[in-house]
Structures are given as structure tokens and as C-alpha cells.
Amino acid sequence: MTTGGDGAFTRGDLKGTEIENTFAGANSFMRRRYTRDLTGVDVAVTGVPFDLATSNRPGARFGPAGIRRASANLAWGPIWPWNFDPFDTLAVVDYGDCAFDPGHPAAIPDAIQAHARVILDSGTSMLTLGGDHFITLPVLRAHAEKHGALALVHFDAHRDLELSEDGRIDHGTMFRHAVEERLIDPKRSVQVGIRTAYEGEGSDGDDDFGFTVIDAADLAQRTPADVAREIAKVVGDARAYLTVDIDCLDPSCAPGTGTPVVGGPTTATMLAILRGLGTIDFTGMDVVEVAPVYDVGEITSLAAATIAVEYLCLLTSRYS
Ligand SMILES: [Mn+2]
């Protein structure tokens, strides 16, 4: 079964799976070729190892490395329950990480946006590994430059709509800015798994922007298929962006994150919801807030890697 090693650097075709020992070798995401050449590439996976916007525990800068490491355990070919290998259909590469100078934090949002713009301008779509959730804002700016305002499908314990002045770098405020900058259309957008409330987030007297919210209590009462149907209905035929804060999951499933909140869904529930979103025209995706230093047995990194692969299976199902 095992072919050579270090497929990140030695693999031939952009497509297909070349099986390696899970415990060995260079860890690109899902053993994809590690390259900046986007010729013929459908999806570029890229890391944004930025965590200076974290309000509690830092460490999401190690998220891309943790997710890549855990993904080695998934790179075996067919993915259950789809029973196909998404890499037989999609040409996916690991584009490496966004580079920036942490000594100049104010310059970092533009550096992330420029990094994303290069990928999107080549006609390749993005699958981004955070980093804290702030990184979604500059990535969304690059997507909106190309596609216009997008529907947002947002899994999170937090709404990330806190009051904030322009230019402030905070991982709890991005979607307020995204609405104000018309990067997303809140009326076609859904926030799933919410179980926190902050000033400015839709309590009495606040702007609520018109998002559909399926909170954690609501989730617990409904089937994943029912939740997926509502998300698909709100988004409709709009082009959409999927953002997954891993803290949407209950801390029993995802302890390795900066701001865990108890009372969330299991990984199985989230995956079942995602599988029901095959009608949505997703143009990009990120999974953020994985902080491996607080993880146990790599379960958070593995959940994030599996969710990212699930997204690739959704894209694949729309190709066929
Ligand atoms: Mn969150």
C-alpha cells in the first residue's frame, strides 16, 4: 500500500491519493503537493498563522501546522460516507502559509488580503487554515473584491458582531465590519451554534443586521438535516463563503481553542449538518481558532482537518 514518502514534495500528479505512513514525512494538508504554482489547481489550501487578535488564550498561530499534521490520518483515499476520494476530482495543493511581520501588526490585515488576492486572481479557490478568527475579515475582503457580497455560513459559539471602531484588530468583531463593508449579505447569511452574547450583538436596541441565527439550544432540539435545510433555504442560490470557528464544537470535542464555550454540538452533528449543504454554491472556506497547545490527543486538529475535507467532498459532489 505505501508508496514513497514525503509526497508533499515528491508526488507526481496534482490529483489522486498516494498513501504514506501517517506518522512519517513532511506534513502538507492531506499530503497534497506543496507548491505556489497554481496552474490547473482548483483549490489552494493555505495557512494564516496569526493569533494576535485573540482575546483570551493565544496559540492559534500553530493551527495550520496542527491541522496539517492531523490530516495525515485522513489521507487514505475514499472518504466516508461519500465513498469517493475528493482528490480524484479536484486538483488541490498546499500553498503554504501567509507570511507577515508580527512586529508590525497594523500591516498584517493588508498582508493577508494581498496573499488571498494572489490566489483568487489566478482563478483558484481557497481553503484557509487559521489562525484566529480575525483572519476571515481580510480573506473575505479579497473574496468580495472578486465575487461581490457573499452569503456567509458561519459556525461558531460567538456571533463576532461586537461593537468596534474601524481598524481595531479583534477576533470578536469581524462580521460587523464585513456587513458594514458589504462583504457579506446578512439576509442570506446564517450563524450556527451561537451560545454567547456581547454588547452590540442583537440584544435590545442593537442593530441585528438581519442574520438568521440557529443557536446552540435550537441546534440541540433539531435534526442535522432540518438545520441544513434551513441554512440552504436562507442562502438560496447566492454565492457563499463557509467559515468554521472550531469553538462552535463543544469543548469535549474541541478543547484546543482559545475561547471555548460549553454547551455546543458534537463533531458528528456538525459534520452531518455540513453534509446537508450540497446545494449551496460555496466559493471559499476557512476553519479557524485551532490552538494545538490546549488540545488533547489531537482531537481538535483532527476535527478541523475532517471538517475541511468534508468541505472538499461537498465541492466534489457539485462537480459530478
Ligand atoms: Mn468563536
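Since the model is a prediction, treat every value here as computed from it, not as a measurement.

Thresholds applied
- Residues numbered from 1 in each chain as written.
- Predicted model: local features only at pLDDT ≥ 70, side-chain atom pairs only at ≥ 80, totals over all residues.
- Heavy atoms only, no water.
- Axes fitted to C-alpha atoms, helices over the stretch in contact; angles between N-to-C directions.
- Helix = DSSP H or I, 4+ residues; strand = E, 2+ residues; numbered from the N terminus.
- Parallel < 35°, antiparallel > 145°, perpendicular 65-115°, else oblique.
- Left-handed = near helix turned anticlockwise from the far one by under 90°.
- Contact = heavy atoms within 4.5 Å.
- Nonpolar A, V, L, I, M, F, W, Y, C, P; charged D, E, K, R; others polar.
- Buried < 20%, exposed > 50% of the residue type's maximum accessible area, 1.4 Å probe, protein only.
- Lys, Arg positive; Asp, Glu negative; His and termini not counted.
- Salt bridge = Lys/Arg side-chain N within 4 Å of Asp/Glu carboxyl O.
- Polar contact = N/O pair within 3.5 Å; in protein donor to acceptor, adjacent residues only side chain to side chain.

Student: Can you tell me about the packing of helix H4 (residues 108-121) against helix H5 (residues 136-147), naming the residues and giving the values?
Tutor: Contact geometry for H4 and H5: axes closest at 8 Å, N-to-C directions at 40 degrees. Taken together, H4 and H5 sit at an angle that is classed as oblique. When you trace H4 past H5, the crossing you get is right-handed. Contact with H4, carried on its side by Pro-109, Ile-112, Gln-113, Ala-116, Arg-117 and Leu-120, involves Pro-138, Val-139, Arg-141, Ala-142, His-143, Glu-145 and Lys-146 of H5 and no other residues of that element. Its residues assigned to classes, the contact of H4 with H5 shows seven nonpolar, two polar and four charged.

Student: Please set out unusual backbone geometry residue by residue, giving values where relevant.
Tutor: For the bond from Trp-80 to Pro-81, the omega torsion is -5 degrees, close enough to zero to count as cis. Looking along the chain, the bond that leaves Gly-130 and enters Gly-131 is cis, with omega of 15 degrees. Structurally, Gly-131 is set in the loop between strand S3 (125-130) and H5. Even without glycine at this site, Arg-182 takes up a positive phi of about 60 degrees. Mapped onto the fold, Arg-182 is located in the loop between helix H6 (174-180) and strand S5 (190-194).

Student: I'd love a proper account of the side chain of Arg-11, names of residues and values included.
Tutor: As for its position among the elements, Arg-11 is in the loop between helix H1 (7-10) and strand S1 (43-48). Comment: no salt bridge for buried Arg-11; closest opposite-charge side chain is Glu-18, at 4.3 Å. Reaching out from Arg-11, the side chain makes a polar contact with the backbone oxygen of Gly-16 at a distance of 3.0 Å. Polar side-chain contacts of Arg-11 include one of 3.2 Å to the backbone oxygen of Arg-31. Among all residues touching Arg-11, those that are not within four sequence positions of it are Gly-16, Thr-17, Glu-18, Arg-31, Arg-32 and Arg-33.

Student: Could you give an account of the pattern of salt bridges, with specific residues and numbers?
Tutor: Throughout the structure, instances matching the rule amount to 13 salt bridges. Here Arg-117 ties to Glu-145 by a salt bridge, and the two come within 2.9 Å at their closest N and O atoms. In this pair, Arg-117 is assigned in helix H4 and Glu-145 in helix H5, connecting sequence segments 28 residues apart. Across the salt bridge formed by Arg-188 and Asp-237, the nearest N and O atoms sit 3.2 Å from each other. Here Asp-237 lies in the loop between helix H8 (224-235) and strand S7 (239-245) and Arg-188 lies in the loop between H6 and S5, a separation of 49 residues in the sequence. For Arg-188, a relative accessible area of 27% puts it in the partly exposed group. Take Asp-237: its relative accessible area is 69%, and that puts it in the exposed class. The network of salt bridges with shared partners includes Asp-218, Arg-222, Asp-226 and Glu-230.

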